[in-house]
Amino acid sequence: MIHPENDNEYKGLVVNAGVEQPSIVNPYFRKIHKRHHDLSVDEMVEGILKGNVTVLSQAVTLVESLLPEHQAKAQEVIAKCLPYAGKSVRIGISGVPGAGKSTSIDEFGCHVLDRTGGKLAVLAIDPSSERTKGSILGDKTRMEKLAVRDNSFIRPSPSAGSLGGVARKTRETIVLCEAAGFDTIFVETVGVGQSETACHSMVDFFLLIQVAGTGDELQGIKRGIMEIADGIVVNKCDGDNVDACNMAAAHFRNALHFFPPSESGWTPKVLTYSGFYGNGIKEVWDMIYEYVDFVKKNGYFYKRRSEQSKFRMYETINEQLRFSFYNMPQIKDIIAKEEQEVLSRRKTSFVAATELLDIYFKGISEGER
(Lines give C-alpha, C1' and ligand atoms only; values in the text may rest on other atoms or scores of the structure.)
Protein backbone atom coordinates (compact mmCIF):
# COMPACT_ATOMS: atom_id res chain seq x y z
CA MET A 1 0.00 0.00 0.00
CA ILE A 2 1.40 3.44 -1.00
CA HIS A 3 1.03 6.15 1.60
CA PRO A 4 0.74 9.59 -0.03
CA GLU A 5 2.62 11.27 2.80
CA ASN A 6 5.75 9.30 1.79
CA ASP A 7 5.64 10.50 -1.82
CA ASN A 8 8.47 12.78 -3.01
CA GLU A 9 5.87 15.42 -3.82
CA TYR A 10 5.29 15.83 -0.06
CA LYS A 11 8.95 15.50 0.96
CA GLY A 12 8.97 18.73 2.95
CA LEU A 13 5.99 17.75 5.06
CA VAL A 14 6.33 16.13 8.48
CA VAL A 15 3.68 13.78 9.85
CA ASN A 16 3.28 14.09 13.57
CA ALA A 17 2.71 11.01 15.69
CA GLY A 18 -0.49 12.52 17.07
CA VAL A 19 -1.76 12.99 20.56
CA GLU A 20 -1.51 10.03 22.91
CA GLN A 21 -4.98 8.88 23.84
CA PRO A 22 -5.73 8.85 27.58
CA SER A 23 -6.71 5.64 29.32
CA ILE A 24 -10.42 4.90 29.49
CA VAL A 25 -9.96 4.14 33.18
CA ASN A 26 -9.84 7.07 35.57
CA PRO A 27 -6.32 6.98 37.09
CA TYR A 28 -7.68 8.46 40.30
CA PHE A 29 -10.26 5.72 40.67
CA ARG A 30 -9.60 3.30 43.50
CA LYS A 31 -11.43 0.04 43.37
CA ILE A 32 -12.94 -0.57 46.76
CA HIS A 33 -13.89 -4.11 47.64
CA LYS A 34 -16.88 -3.95 49.94
CA ARG A 35 -17.31 -7.11 51.87
CA HIS A 36 -20.92 -8.20 51.99
CA HIS A 37 -21.95 -8.65 55.56
CA ASP A 38 -24.56 -11.30 56.11
CA LEU A 39 -26.83 -10.12 58.87
CA SER A 40 -27.47 -12.48 61.73
CA VAL A 41 -31.01 -13.40 62.74
CA ASP A 42 -30.96 -10.94 65.66
CA GLU A 43 -29.51 -8.13 63.50
CA MET A 44 -32.16 -8.74 60.86
CA VAL A 45 -34.99 -8.74 63.41
CA GLU A 46 -33.62 -5.57 65.01
CA GLY A 47 -33.50 -3.83 61.63
CA ILE A 48 -37.05 -4.91 60.78
CA LEU A 49 -38.44 -3.69 64.11
CA LYS A 50 -36.75 -0.32 63.51
CA GLY A 51 -38.54 -0.06 60.15
CA ASN A 52 -35.38 -0.34 58.04
CA VAL A 53 -36.74 -1.12 54.55
CA THR A 54 -33.33 -2.31 53.31
CA VAL A 55 -33.18 -4.99 55.99
CA LEU A 56 -36.86 -5.75 55.39
CA SER A 57 -36.14 -6.31 51.69
CA GLN A 58 -33.26 -8.64 52.55
CA ALA A 59 -35.53 -10.60 54.88
CA VAL A 60 -38.21 -10.94 52.20
CA THR A 61 -35.59 -12.19 49.74
CA LEU A 62 -34.50 -14.72 52.35
CA VAL A 63 -38.10 -15.85 52.80
CA GLU A 64 -38.55 -16.32 49.05
CA SER A 65 -35.31 -18.30 48.66
CA LEU A 66 -35.54 -22.04 48.03
CA LEU A 67 -32.19 -22.85 49.64
CA PRO A 68 -32.67 -24.96 52.81
CA GLU A 69 -30.20 -22.86 54.84
CA HIS A 70 -32.06 -19.68 53.84
CA GLN A 71 -35.38 -21.26 54.73
CA ALA A 72 -34.16 -22.20 58.19
CA LYS A 73 -32.85 -18.69 58.84
CA ALA A 74 -36.04 -17.11 57.47
CA GLN A 75 -38.20 -19.17 59.81
CA GLU A 76 -36.15 -17.97 62.79
CA VAL A 77 -36.64 -14.36 61.70
CA ILE A 78 -40.39 -14.88 61.22
CA ALA A 79 -40.74 -16.57 64.63
CA LYS A 80 -39.09 -13.60 66.36
CA CYS A 81 -41.16 -11.06 64.39
CA LEU A 82 -44.47 -12.83 64.96
CA PRO A 83 -45.18 -11.25 68.42
CA TYR A 84 -45.00 -7.80 66.76
CA ALA A 85 -47.31 -8.69 63.85
CA GLY A 86 -51.08 -8.71 63.39
CA LYS A 87 -51.76 -5.01 63.86
CA SER A 88 -52.38 -4.05 60.25
CA VAL A 89 -55.41 -4.01 57.97
CA ARG A 90 -54.80 -6.38 55.06
CA ILE A 91 -56.52 -5.58 51.78
CA GLY A 92 -56.59 -8.07 48.91
CA ILE A 93 -56.99 -6.48 45.47
CA SER A 94 -57.79 -8.52 42.40
CA GLY A 95 -59.36 -8.24 38.99
CA VAL A 96 -58.99 -9.32 35.39
CA PRO A 97 -55.76 -8.27 33.58
CA GLY A 98 -56.20 -4.74 32.32
CA ALA A 99 -58.76 -3.78 34.96
CA GLY A 100 -56.37 -1.12 36.29
CA LYS A 101 -55.19 -2.79 39.50
CA SER A 102 -51.75 -1.17 39.65
CA THR A 103 -53.05 2.29 38.70
CA SER A 104 -55.80 1.96 41.29
CA ILE A 105 -53.34 0.86 43.98
CA ASP A 106 -51.31 4.00 43.25
CA GLU A 107 -54.37 6.15 43.92
CA PHE A 108 -55.63 4.02 46.82
CA GLY A 109 -52.23 4.09 48.52
CA CYS A 110 -51.81 7.85 48.29
CA HIS A 111 -55.35 8.33 49.61
CA VAL A 112 -54.71 6.02 52.59
CA LEU A 113 -51.40 7.68 53.48
CA ASP A 114 -52.93 11.16 53.25
CA ARG A 115 -55.93 10.05 55.28
CA THR A 116 -54.26 8.04 58.05
CA GLY A 117 -50.66 9.21 57.99
CA GLY A 118 -49.48 5.64 58.61
CA LYS A 119 -47.26 3.29 56.63
CA LEU A 120 -48.31 1.26 53.61
CA ALA A 121 -46.82 -1.92 52.14
CA VAL A 122 -47.79 -3.18 48.68
CA LEU A 123 -47.08 -6.83 47.88
CA ALA A 124 -47.55 -7.13 44.13
CA ILE A 125 -47.57 -10.67 42.75
CA ASP A 126 -46.23 -10.90 39.20
CA PRO A 127 -46.97 -13.97 37.06
CA SER A 128 -43.98 -16.16 36.25
CA SER A 129 -43.40 -17.54 32.76
CA GLU A 130 -44.12 -21.23 32.37
CA ARG A 131 -41.28 -21.44 29.83
CA THR A 132 -38.48 -19.34 31.27
CA LYS A 133 -39.74 -19.22 34.89
CA GLY A 134 -38.93 -15.48 34.87
CA SER A 135 -41.07 -12.48 35.84
CA ILE A 136 -41.04 -8.86 34.69
CA LEU A 137 -41.64 -7.50 38.22
CA GLY A 138 -42.60 -4.15 36.70
CA ASP A 139 -45.75 -3.28 38.63
CA LYS A 140 -43.81 -0.69 40.61
CA THR A 141 -43.35 1.41 37.45
CA ARG A 142 -47.13 1.91 37.31
CA MET A 143 -47.20 3.23 40.89
CA GLU A 144 -45.29 6.44 40.20
CA LYS A 145 -46.81 8.55 42.97
CA LEU A 146 -46.72 5.87 45.63
CA ALA A 147 -43.16 4.77 44.79
CA VAL A 148 -41.71 8.13 45.87
CA ARG A 149 -43.49 8.20 49.24
CA ASP A 150 -41.15 7.70 52.20
CA ASN A 151 -43.74 5.79 54.20
CA SER A 152 -44.55 3.26 51.47
CA PHE A 153 -42.90 -0.06 50.63
CA ILE A 154 -43.60 -1.73 47.29
CA ARG A 155 -42.37 -5.29 46.83
CA PRO A 156 -43.05 -7.11 43.54
CA SER A 157 -42.60 -10.87 43.85
CA PRO A 158 -42.76 -13.67 41.29
CA SER A 159 -45.63 -16.14 41.57
CA ALA A 160 -43.03 -18.89 40.96
CA GLY A 161 -45.62 -21.45 39.99
CA SER A 162 -47.50 -21.30 43.29
CA LEU A 163 -51.21 -22.09 43.35
CA GLY A 164 -53.19 -19.47 41.51
CA GLY A 165 -50.37 -16.99 41.29
CA VAL A 166 -50.15 -15.80 44.89
CA ALA A 167 -46.48 -15.89 45.93
CA ARG A 168 -45.53 -18.90 47.99
CA LYS A 169 -44.32 -16.81 50.91
CA THR A 170 -46.70 -13.87 50.84
CA ARG A 171 -48.07 -14.74 54.29
CA GLU A 172 -44.61 -14.66 55.82
CA THR A 173 -43.89 -11.37 54.06
CA ILE A 174 -47.04 -9.91 55.62
CA VAL A 175 -45.73 -10.85 59.08
CA LEU A 176 -42.40 -9.12 58.38
CA CYS A 177 -44.11 -5.97 57.06
CA GLU A 178 -46.38 -5.78 60.09
CA ALA A 179 -43.39 -6.16 62.41
CA ALA A 180 -41.72 -3.30 60.53
CA GLY A 181 -44.65 -1.03 61.45
CA PHE A 182 -46.72 -1.07 58.27
CA ASP A 183 -50.34 -0.65 59.37
CA THR A 184 -51.96 -1.08 55.93
CA ILE A 185 -50.98 -3.88 53.55
CA PHE A 186 -52.17 -4.36 49.98
CA VAL A 187 -51.86 -7.78 48.37
CA GLU A 188 -52.29 -7.57 44.60
CA THR A 189 -52.90 -10.83 42.77
CA VAL A 190 -52.25 -11.61 39.13
CA GLY A 191 -55.98 -12.00 38.54
CA VAL A 192 -56.04 -15.38 36.83
CA GLY A 193 -58.61 -17.40 38.75
CA GLN A 194 -57.55 -19.46 41.76
CA SER A 195 -55.20 -16.72 42.97
CA GLU A 196 -58.23 -14.94 44.38
CA THR A 197 -59.05 -17.89 46.67
CA ALA A 198 -55.48 -17.99 47.97
CA CYS A 199 -55.45 -14.21 48.44
CA HIS A 200 -58.78 -14.30 50.27
CA SER A 201 -57.24 -16.67 52.82
CA MET A 202 -54.68 -14.07 53.95
CA VAL A 203 -56.50 -10.71 53.92
CA ASP A 204 -59.21 -8.94 55.95
CA PHE A 205 -61.01 -7.31 53.03
CA PHE A 206 -61.11 -8.66 49.49
CA LEU A 207 -61.70 -5.99 46.82
CA LEU A 208 -62.63 -7.10 43.31
CA ILE A 209 -61.96 -4.61 40.50
CA GLN A 210 -64.19 -4.99 37.45
CA VAL A 211 -64.58 -3.14 34.18
CA ALA A 212 -67.64 -2.48 32.02
CA GLY A 213 -68.54 -4.80 29.17
CA THR A 214 -67.79 -8.13 30.86
CA GLY A 215 -71.29 -9.55 30.52
CA ASP A 216 -74.77 -9.49 32.03
CA GLU A 217 -76.12 -10.68 35.39
CA LEU A 218 -75.90 -14.35 34.35
CA GLN A 219 -72.20 -13.99 33.57
CA GLY A 220 -71.70 -12.40 36.98
CA ILE A 221 -73.49 -15.26 38.73
CA LYS A 222 -71.26 -17.83 37.04
CA ARG A 223 -68.09 -16.29 38.37
CA GLY A 224 -67.24 -17.93 41.68
CA ILE A 225 -64.96 -15.03 42.51
CA MET A 226 -68.02 -12.89 43.18
CA GLU A 227 -68.91 -15.06 46.17
CA ILE A 228 -65.77 -14.21 48.13
CA ALA A 229 -65.63 -10.49 47.31
CA ASP A 230 -66.31 -8.14 50.23
CA GLY A 231 -66.63 -5.23 47.83
CA ILE A 232 -66.85 -4.82 44.06
CA VAL A 233 -65.73 -1.69 42.25
CA VAL A 234 -66.08 -0.87 38.55
CA ASN A 235 -63.05 1.01 37.29
CA LYS A 236 -62.58 3.44 34.38
CA CYS A 237 -65.83 5.28 35.12
CA ASP A 238 -64.90 8.46 33.27
CA GLY A 239 -65.61 10.26 30.00
CA ASP A 240 -67.88 8.39 27.61
CA ASN A 241 -67.63 5.24 29.74
CA VAL A 242 -69.71 6.52 32.67
CA ASP A 243 -73.05 5.12 31.47
CA ALA A 244 -71.51 1.73 30.66
CA CYS A 245 -69.90 1.56 34.11
CA ASN A 246 -73.16 2.45 35.87
CA MET A 247 -74.92 -0.23 33.85
CA ALA A 248 -72.23 -2.79 34.77
CA ALA A 249 -72.52 -1.84 38.44
CA ALA A 250 -76.30 -2.40 38.28
CA HIS A 251 -75.70 -5.85 36.76
CA PHE A 252 -73.29 -6.79 39.54
CA ARG A 253 -75.71 -5.59 42.21
CA ASN A 254 -78.43 -7.74 40.72
CA ALA A 255 -76.08 -10.74 40.55
CA LEU A 256 -75.20 -10.39 44.26
CA HIS A 257 -78.85 -10.95 45.19
CA PHE A 258 -78.50 -14.58 44.05
CA PHE A 259 -75.70 -15.36 46.48
CA PRO A 260 -76.37 -16.56 50.05
CA PRO A 261 -75.58 -14.14 52.91
CA SER A 262 -71.90 -14.00 53.84
CA GLU A 263 -70.65 -15.47 57.11
CA SER A 264 -69.58 -12.03 58.28
CA GLY A 265 -73.11 -10.65 57.95
CA TRP A 266 -71.80 -7.95 55.62
CA THR A 267 -73.63 -7.19 52.38
CA PRO A 268 -71.06 -6.48 49.63
CA LYS A 269 -71.40 -3.11 47.94
CA VAL A 270 -70.82 -2.21 44.29
CA LEU A 271 -69.27 1.18 43.53
CA THR A 272 -67.85 2.95 40.47
CA TYR A 273 -64.67 5.00 40.31
CA SER A 274 -61.86 6.13 38.03
CA GLY A 275 -58.36 5.04 39.03
CA PHE A 276 -56.78 7.20 36.31
CA TYR A 277 -58.49 10.45 37.31
CA GLY A 278 -58.85 9.61 41.01
CA ASN A 279 -62.64 10.06 41.06
CA GLY A 280 -64.62 8.07 43.65
CA ILE A 281 -61.55 6.90 45.60
CA LYS A 282 -62.83 8.32 48.90
CA GLU A 283 -66.13 6.45 48.57
CA VAL A 284 -64.30 3.16 47.99
CA TRP A 285 -62.26 3.61 51.16
CA ASP A 286 -65.25 4.72 53.16
CA MET A 287 -66.75 1.34 52.26
CA ILE A 288 -63.59 -0.54 53.32
CA TYR A 289 -63.34 1.27 56.67
CA GLU A 290 -67.04 0.69 57.25
CA TYR A 291 -66.52 -3.03 56.66
CA VAL A 292 -63.55 -3.22 59.05
CA ASP A 293 -65.53 -1.47 61.81
CA PHE A 294 -68.50 -3.75 61.15
CA VAL A 295 -66.59 -7.06 61.39
CA LYS A 296 -64.56 -5.91 64.40
CA LYS A 297 -67.74 -5.14 66.30
CA ASN A 298 -69.38 -8.50 65.59
CA GLY A 299 -66.14 -10.46 66.17
CA TYR A 300 -65.81 -11.87 62.64
CA PHE A 301 -62.55 -9.98 62.03
CA TYR A 302 -60.72 -11.96 64.72
CA LYS A 303 -62.44 -15.21 63.82
CA ARG A 304 -61.24 -14.84 60.23
CA ARG A 305 -57.69 -14.13 61.39
CA SER A 306 -57.75 -17.37 63.45
CA GLU A 307 -59.02 -19.37 60.49
CA GLN A 308 -56.26 -17.90 58.34
CA SER A 309 -53.63 -19.03 60.85
CA LYS A 310 -55.05 -22.55 60.73
CA PHE A 311 -55.09 -22.49 56.93
CA ARG A 312 -51.46 -21.34 56.95
CA MET A 313 -50.50 -24.30 59.15
CA TYR A 314 -52.01 -26.85 56.74
CA GLU A 315 -50.55 -25.05 53.74
CA THR A 316 -47.10 -25.17 55.33
CA ILE A 317 -47.48 -28.90 55.95
CA ASN A 318 -48.38 -29.48 52.29
CA GLU A 319 -45.48 -27.33 51.14
CA GLN A 320 -42.94 -29.09 53.37
CA LEU A 321 -44.17 -32.53 52.29
CA ARG A 322 -43.81 -31.52 48.65
CA PHE A 323 -40.31 -30.18 49.26
CA SER A 324 -39.29 -33.31 51.19
CA PHE A 325 -40.61 -35.60 48.47
CA TYR A 326 -38.81 -33.97 45.54
CA ASN A 327 -35.53 -33.58 47.45
CA MET A 328 -35.26 -37.16 48.71
CA PRO A 329 -32.22 -38.77 47.00
CA GLN A 330 -34.10 -42.00 46.19
CA ILE A 331 -36.83 -40.01 44.44
CA LYS A 332 -34.33 -37.87 42.51
CA ASP A 333 -32.64 -41.04 41.22
CA ILE A 334 -35.78 -42.68 39.86
CA ILE A 335 -38.30 -39.96 39.05
CA ALA A 336 -36.89 -39.30 35.55
CA LYS A 337 -37.12 -43.03 34.76
CA GLU A 338 -40.74 -43.17 35.96
CA GLU A 339 -41.52 -40.11 33.85
CA GLN A 340 -40.21 -41.85 30.75
CA GLU A 341 -42.30 -44.92 31.58
CA VAL A 342 -45.40 -42.73 31.61
CA LEU A 343 -44.46 -40.90 28.39
CA SER A 344 -43.84 -44.18 26.57
CA ARG A 345 -47.21 -45.49 27.88
CA ARG A 346 -45.65 -48.48 29.56
CA LYS A 347 -47.16 -47.29 32.86
CA THR A 348 -50.14 -45.20 33.78
CA SER A 349 -49.66 -41.95 35.66
CA PHE A 350 -51.44 -43.42 38.67
CA VAL A 351 -49.17 -46.49 38.86
CA ALA A 352 -46.00 -44.40 38.49
CA ALA A 353 -47.13 -41.96 41.19
CA THR A 354 -48.03 -44.81 43.54
CA GLU A 355 -44.62 -46.44 43.08
CA LEU A 356 -42.83 -43.15 43.75
CA LEU A 357 -44.87 -42.55 46.89
CA ASP A 358 -44.14 -46.10 48.09
CA ILE A 359 -40.40 -45.43 47.66
CA TYR A 360 -40.78 -42.13 49.54
CA PHE A 361 -42.63 -43.61 52.52
CA LYS A 362 -40.25 -46.59 52.63
CA GLY A 363 -37.29 -44.20 52.71
CA ILE A 364 -38.85 -42.29 55.59
CA SER A 365 -39.57 -45.45 57.61
CA GLU A 366 -36.02 -46.72 57.08
CA GLY A 367 -34.63 -43.36 58.14
CA GLU A 368 -36.53 -43.52 61.44
CA ARG A 369 -34.98 -46.87 62.39
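Residues numbered from 1 in each chain as written. Predicted model: local features only at pLDDT ≥ 70, side-chain atom pairs only at ≥ 80, totals over all residues. Heavy atoms only, no water.

What follows concerns helix α11 (residues 281–297). Under the 1.5 Å per step criterion, the end-to-end length of α11 is 25 Å for 17 residues, consistent within 8% with the ideal 24 Å. For α11, the full list of buried residues reads I281, V284, W285, M287, I288, Y291, V292 and V295. One side of α11 holds all its buried residues, which, seen down the axis, span an arc of 150°. (Helix = DSSP H or I, 4+ residues; strand = E, 2+ residues; numbered from the N terminus. Expected span 1.5 Å × (residues − 1). Buried < 20%, exposed > 50% of the residue type's maximum accessible area, 1.4 Å probe, protein only. Arc of directions from axis to C-beta.)

On average, residues of the chain carry a pLDDT of 82, and 81% of them reach 70 or more. Per-element mean pLDDT across the chain ranges from 50 in helix α8 (residues 217–222) up to 95 in α11. Note on residues 128–136: pLDDT is under 50 here. Beyond four places in sequence and across chains, it has 12 contacts. (pLDDT = per-residue confidence, 0-100. Contact = heavy atoms within 4.5 Å.)

The subject of this paragraph is the pairing of strand β1 (residues 89–95). The side chains of a regular strand alternate between the sheet's two faces. In terms of residue burial, β1 counts as a mostly covered element, since 7 of its 7 residues are buried. Neither face of β1 is left uncovered, since the one carrying V89, I91, I93 and G95 and the one carrying R90, G92 and S94 both have all their residues buried. Sheet analysis places β1 next to strand β4 (residues 184–188), joined by 5 bridges and oriented parallel. Bridge pairing links I93 to E188 in β4. In the sheet, β1 pairs with strand β5 (residues 205–210) via 5 bridges, with the strands oriented parallel. (Pairing = 2+ DSSP bridges.)

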